[in-house]
Amino acid sequence: MTFDFLISIPMVLGVILVFTYILLRPAAFSSQLRGPPSPSWLYGNMPQILLPIPYGKFEFKWQKLYGMVYRVKGCFGVEHLMVSDGLALRYIVNNANIFTKPPDIQWVNRFGLGSGSLLTAVDEQHRRLKAAMNPAFSNVQLKKIIPTIQKAASEASRRLAAVCDGNRIHNQVDIFPLLHNITLQAVSESIMGYNVASDEQFAKCYENLVVSISKRDKTALVAGAIIPRFPRWITSLLAFFPPPDLAKLMNHRKLSNEIAQTILDKKLEAIKLGLEPDGDLIGRLVYENMLALNKLTFEEIKDQFGTVNAAGEDTTANALSWALFQLSGNPEWQNELRQEISRYSLFILQDDYDRLPFLNAFIKETLRFHSPVPILARIATTDALLPLSRHITTSAGKMVKEVAVKKGQIVLSAIQSYHRSTATWGEDADCFMPSRWLQNGSQHENGASIGPYANLVTFWGGSRTCIGWRYAILEMQVMLCELIGNFSFDIQDMKDVHPACAITTVPVDSSGKVGLKLVINHL
């Protein structure tokens, strides 16, 4: 997340910079790994990693030049490790006690989502939360909410049809905000039993928050490196004098808690009256929690509402945007998918979307080529050795197959670089090619995988695997079948759309403006 909201008065940031060297000096590291030169002591290589258009402009070249693990400089010259080696990534995701979320990410999670959020919780609390929530995200429960997702997909078709039928000459639509609104409706109704997208106040609040998150600048990088290092009592003072963007984050949490309180009160009252729990996932969670011995607290359940919106909506909407972007540039793929939808209509009627081969191959390739989260940071809680699948060459010319990580060092899991690795995906890894999953799917998916889905790191893995990954795939399946079955998509110039990192991978034009304009026609 951007840290613009941490900066209210430039003078305050200047004062903080005076103490930066003292604060960061103990975190300095040294290694024999090769890596790119740092253009700035203040910013390091971070602008080259997080701010270029397109994303990966430097990163993909560095991977080819230095290998699957190399050093980069963070703010103030602190050395980080950039990791895209498959074996090393598997070690990182499977050892969440060694590689944890760094202070800046946890600061935002606590402030914006609450200490009881699944994204904030660690150790025993995280295990307890996940154990309680897993049944609500099982395949059996997800089958029950498919009609709710289909309802949201139909609403998307209705809105697009109104635009197309009202203007048959030039139906260019920025589909990006529509997809975010529709996925917000789908995730909130199916998981919480309440359509927050229809709540005008909350919808506007969430839209403002998304805009804040999408801001990208160097100052935010510096603030993110500094603020979390101060004692919590100091940073907590920002709650009393919040800068504009922090106020938006706080307002989102406030409204989320108010909605959660109302919904939970109704669900608890219904259960006390002996009524069956609602079909939404939170309704099931509340019911199961009342029967459990190791119960979640009321506050912990409330904190999942904002978490669901933040984690469940943004990534899926962006993934759908990239799927439609690729389809718009290739009418043959649209036709193939449309024919498959018609040919397998019986499976769709039975809500068995997994039986559509090209649809699922296309989703896998979209998540590979356009990683919803292109990079994730972790911090080592102890010294460790990262195993490598291939040798790399150190700055001294030595070949090594493991890399030392020091306690307190930041490890950047380069998810998008891994997804473009020729070692895993073949020499055509830089090409968007859904057929790789039909011809060679077993080659990519066999063996010890990293994440829960198709050997991709899209949903992370290990004990911190995204709890809603099955829901995300299901929502993409339903939405794509609905939209491609009813509309054709075209784009004026694919070269004017680029991936950019705003925590998630968003489409931007050459000027950096977020959005995706497609020419859409109603079939």
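Residues numbered from 1 in each chain as written. Predicted model: local features only at pLDDT ≥ 70, side-chain atom pairs only at ≥ 80, totals over all residues. Heavy atoms only, no water.

1. Quick look at the overall build of the chain
Each helix and strand counted, the chain has 23 helices and 12 strands in total. Against the globule reference of 24 Å for 523 residues, the chain gives a C-alpha radius of gyration of 23 Å, in line with a compact fold. Dimensions of the chain, computed from C-alpha atoms along their principal axes, come out at roughly 60 × 55 × 45 Å. By residue count, 55% of the 523 residues in the chain fall in the buried class. Taking contacts inside the chain between residues at least 6 apart in sequence as the whole, the part at least 24 apart equals 75%. About 22,400 Å² of surface is accessible on the chain, with carbon and sulfur atoms providing 56% of the total. Charge separation in the chain, taken as the distance between the mean sites of 52 positive and 47 negative side-chain charges, equals 7 Å. (Helix = DSSP H or I, 4+ residues; strand = E, 2+ residues; numbered from the N terminus. Rg over C-alpha atoms; globule rule 2.2 N^0.38 Å. Buried < 20%, exposed > 50% of the residue type's maximum accessible area, 1.4 Å probe, protein only. Contact = heavy atoms within 4.5 Å. Areas by Shrake-Rupley, 256 points an atom, 1.4 Å probe, with all protein chains shown as cover. Lys, Arg positive; Asp, Glu negative; His and termini not counted. Charge placed at Lys NZ, Arg CZ, Asp CG, Glu CD.)

2. Things to note about the nonpolar core
Nonpolar side chains tend to gather and get buried jointly when the protein is soluble and globular. Formed by 124 residues in total, the largest nonpolar core has its most connected members in Ile 175 and Leu 324. Considering every element that reaches this core, the biggest residue donor is helix 23 (residues 469-486), with 12 residues. Once residues lying within four places of it in the same chain are set aside, the contact partners of Leu 324 are Ile 175, Leu 179, Leu 480, Leu 483, Ile 484, Phe 489 and Leu 518. (Core = buried A, V, L, I, M, F, W, Y, C linked by side-chain atoms within 4.5 Å.)

3. So, the side chain of Asn 289
Tracing the backbone through its elements, the reader meets Asn 289 in helix 14 (residues 281-291). Other than its neighbours up to four places away in sequence, Asn 289 contacts Lys 295, Leu 296 and Ile 301.

4. Side note on the confidence of the model for the chain
The predicted model of the chain averages 87 in pLDDT, with 91% of residues at 70 or higher. Overall, residues 1-11 carries pLDDT values under 50, and its contacts beyond four positions in sequence, including any with other chains, amount to 34 contacts. (pLDDT = per-residue confidence, 0-100.)

5. Some remarks on the environment of Glu 155
Relative to the helices and strands, Glu 155 resides in helix 8 (residues 146-166). With relative accessibility at 19%, the residue Glu 155 sits in the buried group. In this structure, the C-alpha to C-alpha distance between Glu 155 and Gln 185, residues 30 residues apart in sequence, is 9.5 Å. Apart from residues no more than four positions distant in its own chain, Glu 155 is found in contact with Ile 182 and Gln 185.

6. Structural notes on the layout of surface pockets
By volume, the second largest pocket amounts to about 460 Å³. For the second largest pocket, the lining is made up of 16 residues, of which Phe 176, Pro 177, Glu 207, Val 210 and Val 211 are closest to its centre. Elements supplying a minimum of two residues to the lining of the second largest pocket: helix 9 (175-192) and helix 10 (200-213). Classifying every residue of the lining of the second largest pocket gives 9 nonpolar, 4 polar and 3 charged. (1 Å grid on protein atoms, 1.4 Å probe; cavity = no way out; pocket = protein on both sides within 12 Å on 5 of 7 lines; lining within 4 Å. Points joined across faces, edges and corners; volume = space filled by probe spheres on them. Nonpolar A, V, L, I, M, F, W, Y, C, P; charged D, E, K, R; others polar.)

7. With respect to helix 18 (residues 357-369)
Over its 13 residues, helix 18 runs 18 Å from end to end, which matches the ideal 18 Å to within 8%, given 1.5 Å per residue. Within helix 18 the residues assigned to the buried category are Phe 358, Leu 359, Asn 360, Ala 361, Phe 362, Ile 363, Lys 364, Glu 365, Thr 366, Leu 367, Arg 368 and Phe 369. (Expected span 1.5 Å × (residues − 1).)

8. What about the packing of helix 15 (residues 298-328) against helix 16 (residues 331-343)?
Contact geometry for helix 15 and helix 16: axes closest at 6 Å, N-to-C directions at 110°. Relative to helix 16, the element helix 15 is oriented roughly perpendicular. Residue-level inspection shows Gln 326, Leu 327 and Ser 328 of helix 15 in contact with helix 16, the latter providing Pro 331, Trp 333, Gln 334 and Leu 337. Across the contact of helix 15 with helix 16, the residue classes break down as 4 nonpolar, 3 polar and no charged. (Axes fitted to C-alpha atoms, helices over the stretch in contact; angles between N-to-C directions. Parallel < 35°, antiparallel > 145°, perpendicular 65-115°, else oblique.)

9. Regarding the sheet that holds strand 4 (residues 172-174)
The sheet built from 3 strands is open, its strands ordered 4-12-9 with antiparallel pairing. Across the chains shown, the open sheet's two edge strands, defined by having one partner strand only, are strand 4 and strand 9 (487-490). Each strand of the sheet is rotated relative to its neighbour by a mean of 45°, with strand direction disregarded. Summarising the sheet, strand 4 and strand 12 (residues 517-522) pair through 3 bridges and their orientation is antiparallel. Its bridge partner being in strand 12, Gln 172 is matched across the sheet by Val 519. Across the sheet, helix 9 lies against strand 4, strand 9 and strand 12, angled at about 50° from strand 4, the strand it touches most. (Pairing = 2+ DSSP bridges.)

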